[in-house]
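These are the residues of each chain, in order.
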Amino acid sequence: MDDKNVMEDILLLEKGVCDLFMHGTIESSTANVRQAFSTALNDALSMQNTIYGKMSAKGWYSAEQAEQNKLTSLKQKFSPQNS
């Protein structure tokens, strides 16, 4: 297993952690529990972003630029005026 595969696995796991913490935050029944999950979620999101940044810097994870006409079309489709 090479470094790229290891980083892909780590990123995938971190995304799963973010998902769990998000649901914990949403489903919390007390303010203290909600705050604990929310803090953990923010920390996990920061770590996910760091991992993505390192992968992107090595060319292992690239995002394509969206075409402006597609962005405009989506904005119009979901704008409150069209609802």
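See the structure shown above.
A brief report on the enclosed structure follows. (Residues numbered from 1 in each chain as written. Predicted model: local features only at pLDDT ≥ 70, side-chain atom pairs only at ≥ 80, totals over all residues. Heavy atoms only, no water.)

## Comments concerning the overall build of the chain
Stage number 1. Within the chain one finds three helices and zero strands.
Stage number 2. In sequence order, the chain lays out its α and β elements as α-α-α.
Stage number 3. Compactness check: the chain gives a C-alpha radius of gyration of 18 Å against a globular reference of 12 Å for 83 residues, more than 25% above the reference.
Stage number 4. Along the first, second and third principal axes, the C-alpha atoms of the chain reach 40 × 40 × 15 Å.
Stage number 5. Across the 83 residues of the chain, 18% fall into the buried class.
Stage number 6. Of the roughly 6,700 Å² that the chain leaves accessible, carbon and sulfur atoms contribute 55%.
Stage number 7. The chain carries 8 positive and 10 negative side-chain charges, and their two centres are separated by 9 Å. (Helix = DSSP H or I, 4+ residues; strand = E, 2+ residues; numbered from the N terminus. Rg over C-alpha atoms; globule rule 2.2 N^0.38 Å. Buried < 20%, exposed > 50% of the residue type's maximum accessible area, 1.4 Å probe, protein only. Areas by Shrake-Rupley, 256 points an atom, 1.4 Å probe, with all protein chains shown as cover. Lys, Arg positive; Asp, Glu negative; His and termini not counted. Charge placed at Lys NZ, Arg CZ, Asp CG, Glu CD.)

## A look at a nonpolar patch on the surface
Stage number 1. Taken together, the side chains of Met1, Val6 and Ile10 make up a nonpolar region of the molecular surface, amounting to roughly 300 Å² of accessible area.
Stage number 2. With respect to the element layout, Val6 can be found in helix H1 (residues 3–27).
Stage number 3. A relative accessible area of 34% places Val6 in the partly exposed class. (Patch = residues over 30% accessible without salt bridge, like charges linked within 9 Å, V, L, I, M, F, W, Y side chains within 5 Å. Salt bridge = Lys/Arg side-chain N within 4 Å of Asp/Glu carboxyl O.)

## Remarks on the environment of Leu12
Stage number 1. On the secondary structure map, Leu12 appears in helix H1.
Stage number 2. For Leu12, a relative accessible area of 60% gives the class exposed.
Stage number 3. Expressed as a C-alpha distance, the spacing of Leu12 and Ser56, which sit 44 residues apart in the sequence, is 15 Å.

## A closer look at the environment of Gln68
Stage number 1. Inspection of the secondary structure puts Gln68 in helix H3 (residues 68–78).
Stage number 2. Taking the C-alpha atoms as reference, Gln68 lies 30 Å from Asp19; in sequence the two are 49 residues apart.

## Here's the deal with H1
Stage number 1. Here H1 contains 25 residues, and its C-alpha end-to-end distance of 36 Å stays within 8% of the 36 Å for a straight helix at 1.5 Å per residue.
Stage number 2. Among the residues of H1, those classed as buried are Met7, Leu11, Glu14, Cys18, Gly24 and Thr25.
Stage number 3. Next to the buried residues of H1 lie helix H2 (31–57). (Expected span 1.5 Å × (residues − 1). Contact = heavy atoms within 4.5 Å.)

## Some remarks on the packing of aromatic side chains
Stage number 1. Counted by the stated rule, this structure contains two aromatic pairs.
Stage number 2. Judged by centre distance (5.0 Å) and plane angle (85°), the rings of Tyr52 and Tyr61 are edge-to-face. (Phe/Tyr/Trp six-rings, centres within 6.5 Å; stacked < 30°, edge-to-face > 60°.)

## Here we look at a negative patch on the surface
Stage number 1. Together, Asp2, Asp3, Glu8 and Asp9 give the surface a local cluster of negative charge.
Stage number 2. Within the element layout of this structure, Asp9 appears in helix H1.
Stage number 3. Accessibility expressed as a relative area gives 37% for Asp9, which makes it partly exposed.

In short, geometric facts, not functional conclusions.
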